[in-house]
Each structure stands twice: as C-alpha cells, then as structure tokens.
Amino acid sequence: MSSLFPTFARYPITIVKGKGSRLWDDQGKEYLDFMTGIAVTSLGHVPERVQNALVSQLDQLWHVSNLFYNPVQEKAAKLLTDNSCADAVFFCNSGAEANEAAIKLARRYHQKVLGNGRYEIVTLTHSFHGRTLATLTATGQDKVKEGFLPLPQGFVHVPLNDLAALEAAITDQTAAVMIELVQAEGGVHLADPAYVKAVRELCDRHGILLILDEVQTGMGRTGKLFAYEHYGIEPDIFTLAKGIASGFPVGAMLGKAALVPAFTAGSHGSTFSGTPIATAAIAATIETMLLEKAPERAAASGELLVSKLKQALAGLPNVTDVRGLGLIVGIECAGPVADIVAELHKRGLLVITAGPNVLRLLPNLLVTAEEIDEAVGIIAAVLSEQAAALSASN
Ligand SMILES: *Cc1c(COP(=O)(O)O)cnc(C)c1O
C-alpha cells in the first residue's frame, strides 16, 4: 500500500528519466512528451542552461530569509518586469498561491489604498484557478468544491465570452475580474479578442482590476511570452507558475505600479518566497526562452500542429473540433477520450485531457517539425481506428 494520500488518479506508467522531448519509464520504454508535466517543462526536460544555473546556485546558496536582500530574486523579478507590462513581482511556490496573492492584492488595494471596501471577484465558469480555499472557490467548476464547505465569500461566476453576463454581475462591491485567456483545464476554450478588449474597457469604466490567470498560458506557451500580448490589452495583475522555471516549483504574481503601495511590509509573505534556487531557475528559464526565441517558435509550431491535425483528422466522425493558441491545443471528440489517452500512451505518446471529451496537447516550446509529424501520425492512427471500430459496431 502506498504511503500517499490517493489524491491523484495515476496512469499505469512510472517515469524515471527525461531529456528534451523524450521521457523513459522504469521498463526502458521511450515516450514522446506532448504534455510536459502539464505545461511545466516548456524548454524540454533537463534543459542544459537551466541545469547549469541550478548547479552553480546549489554550490553557492540554497535559501535565505526574506529578512535579507537577495540579488538572485531581484534579477528574476527584473527579467519579468523588463519583459512584461508589470512593475512589481511577488514570488510564491505554486499557481494557486500566485492567484491567492492576486486576490489578496486586489482586495487590499481597494480596501487600504482606495478605501472603498470592495471585495467581490468575478470569475468564469469552466475556469481553473487552483486548490486553496480561495482559489477553488474562484474556480468555475463544482467538482473541486465538493466536501469543502463553507467556502470563502465574495466570488461570482459568469460564462466565458458573455459580456452582458459579466456586466450584470458587477456590483458596487466588485474589486476584480479574474479570467484565463485560454481556459486550459476547462476544455481549451479561447476568449474572443473582442470580448477581452470589452472586459478591459468595462473594468476601466467601473474602477475594477483585471487579473489574468496566466499560470498555464504564460511563459511563451501561447506564442507570446504572455498571452495578453495577443489581445492589445494589459492586465493590472497577472499570475504565472507552471512554465516559469522549467520544473522547479515556483509561482509569481505580477502587478502594475499603482498597486505596489497595497502590499506594505508584513501584509503578505511566504517563507520560501523567491529563494535563490527557485529564482535562479526562473532567471535561467526566461533568459533561455528569450535566447531561443521560444515564444516565436511556439507560435509557428502551434500553427503547424493545428494545421497538420486538421488535415490528418479531417472527415473523422469522432472528432468534432481542433483548436488552440500557440502550443495549447485541444482535440475535441464526440465522446469521452480516456481510452484514447490510454492507447496513445501505449503507443509512446504522452498527452492529457481537458475535461472528459478533449485531448490536450502541450509539447515543449522547442518541439521540432519531425516530432510534430510523429505525434500527429500516432494520434491520427488511434482516432481513425476508433472511428472504424465505432462504424463497425453500428
Ligand atoms: C495549474 C493551474 C493553476 C494552479 O496551479 P498549481 O501550481 O497547481 O497550484 C491555476 N490556474 C491555472 C490556469 C492553471 O492551469
């Protein structure tokens, strides 16, 4: 019997080694990795530049309290602010914590800086924001809330791309609107560009902060370093985690200069906030992404992947849609995809789901055209065989 709480439904595979786009299990079987630990290892497994930065930091200093200055943390923060619309960064240890910090900053800005007492956060149905009590309450999916009552107050949900519903949900207590530009966990649903622009205008009109949860979309994944760059808008606050440090567990909450006075000394914190090791991994990851033009490559590879999939899957009655932004790609199927995922794994291609009927592909940002061909070939074979089996049984 395992000594772990059984919180995870695990595939029957034991991964023991990784390099680049490949993983190996304990039987020596090789896999092409098109899930990257859920959009985490965006430079591939064990990327050399990040590995070297981590090894040299491990020789130097592992941890220092935030009661002291930390130049590695300053460097990582400056790389983030120099390359984004944000002016300040708070480092934490996960996506949920980054969103928790964003919610706290939004409330505190209204309550302490503006003095208006606002606290409500409007989020979207099918969203995913994390597993802490506040972020699971913000999440627009009931399954993550079961058994955890009572939930914190002040969260309202409205459907994606429905501006009228959002407008109707706004009250004189609304502090922030928090959205994902691509709902990744929720089924690879894309926000309409016109909707995103209108949400920004609506927030401006009502003095509401716009928080973007870029935990999955950030760090080059969608073909820009940050997904908001696609939409010609800037958020007041945005959050990062998954792809930010090549697999080192860390998150970040970033905000505009106007919000900086809201987080005074002692108002928020974390023992492990921006440790030298974590921030060395972040700095090396960002530098490598910029050097390798990872966002641009993700944009080109995403287009290639979607067009090849559309071509290969055209006419299959069990496939209803192929969509994505950069290298978050969803293949929506007519029914549940759990068996398809298992078959793909058997044939050496690692993918995950996004909701019951959607296959989600998240290759690393440096994926090659050959690897895309290999993955598309395996996916097309498995889905064609399913289509044939379904028509034979009818
Ligand atoms: C994964 C994810 C989170 C939660 O991140 P954790 O590191 O698991 O806490 C939050 N928001 C989005 C959009 C995510 O994809």
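Per chain, residues are indexed from 1 in the order of the written sequence. Residues qualify for local features only when their pLDDT is at least 70, as the model is predicted, and side-chain atom pairs are given and counted only at 80 or more; totals for whole chains, interfaces and linings, by contrast, use all residues. The side-chain figures draw on all heavy atoms in the structure; neither hydrogens nor water molecules are used.

Side note on the overall build of the chain
(1) Moving on: Helix and strand counts for the chain stand at 11 helices and 17 strands.
(2) Moving on: For 394 residues, the compact-globule estimate of 2.2 N^0.38 gives 21 Å, and the C-alpha radius of gyration of the chain, at 21 Å, lies within 12% of that figure.
(3) Moving on: A burial count over the chain gives 53% of its 394 residues as buried.
(4) Moving on: Working note: accessible area of the chain is about 17,500 Å², and carbon and sulfur atoms make up 56% of it.
(5) Moving on: Asp and Glu count as negative and Lys and Arg as positive, but His and the ends of the chain are not part of the count. Charge placement uses NZ in Lys and CZ in Arg. For Asp and Glu, CG and CD serve respectively. Seen as two clouds, the 31 positive and the 40 negative side-chain charges of the chain have centres 2 Å apart. Strands are runs of DSSP state E lasting at least two residues, helices are runs of H or I lasting at least four, and both sets are numbered from the N terminus onward. Note that the radius of gyration is over C-alpha atoms, with the globule rule given as 2.2 Å times the number of residues to the power 0.38. To sort residues, take the accessible area from a 1.4 Å probe on protein chains only and compare it with the maximum for the residue type: under 20% means buried, over 50% means exposed, and anything in between is partly exposed. Accessible surface area values rest on a Shrake-Rupley calculation with a 1.4 Å probe, where residue burial reflects the displayed protein chains alone.

Re the UniProt feature "binding site: N(2)-acetyl-L-ornithine" (unreviewed entry) in the chain
(1) Moving on: UniProt positions are given in the numbering used here, feature names are shortened, and annotations may be inferred rather than shown by experiment. Here the UniProt feature "binding site: N(2)-acetyl-L-ornithine" (unreviewed entry) sits at Arg131 and Ser270.
(2) Moving on: Here Arg131 lies in the loop between strand S5 (120–124) and helix H5 (133–138).
(3) Moving on: For Arg131, a relative accessible area of 59% gives the class exposed.
(4) Moving on: What makes two residues a contact is simply this: any of their non-hydrogen atoms within 4.5 Å. In this structure, Arg131 is in contact with Ala96, Leu136 and Val144, ignoring residues within four places of it in sequence.
(5) Moving on: Here Ser270 lies in the loop between strand S12 (251–255) and helix H8 (276–291).
(6) Moving on: Apart from residues no more than four positions distant in its own chain, Ser270 is found in contact with Asn66, Phe90, Asn93 and Glu97.

Side note on the environment of His345
(1) Moving on: Take His345: it is sitting in helix H10 (residues 338–346).
(2) Moving on: Judged by relative accessible area, which is 5%, His345 ranks as buried.
(3) Moving on: For the pair His345 and Ile328, spaced 17 residues apart in sequence, the C-alpha separation works out to 19 Å.
(4) Moving on: If we skip the residues at most four places from it in the chain, His345 touches Tyr11, Ile13, Lys29, Tyr31, Leu350 and Val351.
(5) Moving on: N or O atoms closer than or at 3.5 Å make up a polar contact, with two conditions inside protein: a donor-capable atom paired with an acceptor-capable one, and, for residues adjacent in sequence, both atoms drawn from side chains. Among the polar contacts listed, one links the side chain of His345 to the backbone oxygen of Val351, at a separation of 3.0 Å.

Thoughts on the state of the cysteines
(1) Moving on: Cysteine sulfurs are considered disulfide-paired once they come within 2.5 Å of each other. Under the counting rule described, the total for this entry stands at zero disulfides.
(2) Moving on: The thiol sulfur of Cys92 is not disulfide-bonded, and the nearest other cysteine sulfur, from Cys85, lies at 17 Å.

With respect to the packing of aromatic side chains
(1) Moving on: When the centres of two rings from Phe, Tyr and Trp lie within 6.5 Å, Trp using its six-membered ring, the rings pair. Their planes under 30 degrees apart give stacked, over 60 give edge-to-face, and anything left gives tilted. Inspection of the entire model under this criterion finds three aromatic pairs.
(2) Moving on: Ring centres of Phe226 and Tyr228 lie 6.1 Å apart, and the angle between their planes is 5°; this geometry places the pair in the stacked category. Each member of the pair, Phe226 together with Tyr228, is buried.
(3) Moving on: Ring centres of Phe226 and Phe238 lie 5.1 Å apart, and the angle between their planes is 55°; on these two criteria the pair is classed as tilted.

Notes on H10
Within an α-helix, residues lying three or four positions from one another point in the same direction, as the helix has 3.6 residues per turn.
(1) Moving on: Inspection of H10 places Ile340, Val341, Leu344 and His345 among the buried residues, and these make up the whole buried set. Projected down its long axis, H10 carries its buried residues within an arc of 140°, all on one side. Turned more than 90 degrees away from the buried face of H10, the exposed residues are Ala338, Asp339 and Lys346. The directions from the helix axis to the C-beta atoms form the arc being described.

Observations regarding the pattern of salt bridges
(1) Moving on: Put simply, a salt bridge is a Lys or Arg side-chain nitrogen that is within 4 Å of an Asp or Glu carboxyl oxygen. Inspection of every chain in the model, using the stated rule, returns 17 salt bridges.
(2) Moving on: The closest approach of N and O atoms between Lys308 and Asp373, which form a salt bridge, is 2.8 Å. One end of the pair, Lys308, is in helix H9 (residues 294–313); the other, Asp373, is in helix H11 (residues 369–393), with 65 residues separating them in the sequence.
(3) Moving on: The salt bridge involving Asp321 is made with Arg323; its shortest N-O contact spans 2.8 Å.
(4) Moving on: On the accessibility criterion, Asp321 (29% relative accessible area) is partly exposed.
(5) Moving on: Here the salt bridges do not stand alone but share partners, grouping Glu343, Lys346, Arg347 and Glu385 into one network.

Focus on the sheet that holds strand S2 (residues 22–25)
(1) Moving on: Pairing within the open sheet is mixed, and its four strands lie in the order S1-S2-S3-S15. Unpaired on one side and paired on the other, strand S1 (15–19) and strand S15 (349–350) mark the two borders of the sheet.
(2) Moving on: Relative to S2, S1 is paired through four bridges, and the arrangement is antiparallel. What sits directly across from Lys19, in S2, is Arg22. Strands qualify as paired when DSSP identifies two bridges or more between them.

Brief notes about the site of the ligand
(1) Moving on: Only a single heavy atom is needed: when it lies within 4 Å of a molecule or strand, its residue is near that molecule or strand. Inspection of the region around the ligand gives 13 residues, with Gly95, Ala96, Asp213, Gln216 and Lys242 positioned closest.
(2) Moving on: In this structure, Asp213 approaches the ligand through a side-chain N or O atom, which is 2.7 Å from a nitrogen atom.
(3) Moving on: Isolated, the ligand exposes 380 Å² of accessible area, and the fraction of that covered by the protein chains is 81%.
(4) Moving on: Classification convention: Asp, Glu, Lys, Arg as charged; Ala, Val, Leu, Ile, Met, Phe, Trp, Tyr, Cys, Pro as nonpolar; all other residues, Gly among them, as polar. Looking at the shell around the ligand, its residues break down into three nonpolar, six polar and four charged.

Thoughts on the sheet that holds S12
(1) Moving on: What the seven strands build is an open sheet, ordered S4-S12-S11-S10-S7-S5-S6; its pairing is mixed. Two strands lie at the open edges of the sheet, namely strand S4 (88–92) and strand S6 (155–158), each paired on one side alone. Across the sheet, the mean angle separating the axes of adjacent strands is 20° when strand polarity is ignored.
(2) Moving on: Sheet topology places strand S10 (residues 209–213) next to strand S11 (residues 237–240); three bridges connect them, and they run parallel. When the bridges of S11 are listed, Leu212 appears paired with Phe238. Where helices are involved, their axes are fitted lines through C-alpha atoms of the stretch in contact, as for all axes, and angles between N-to-C directions lie from 0 to 180°.

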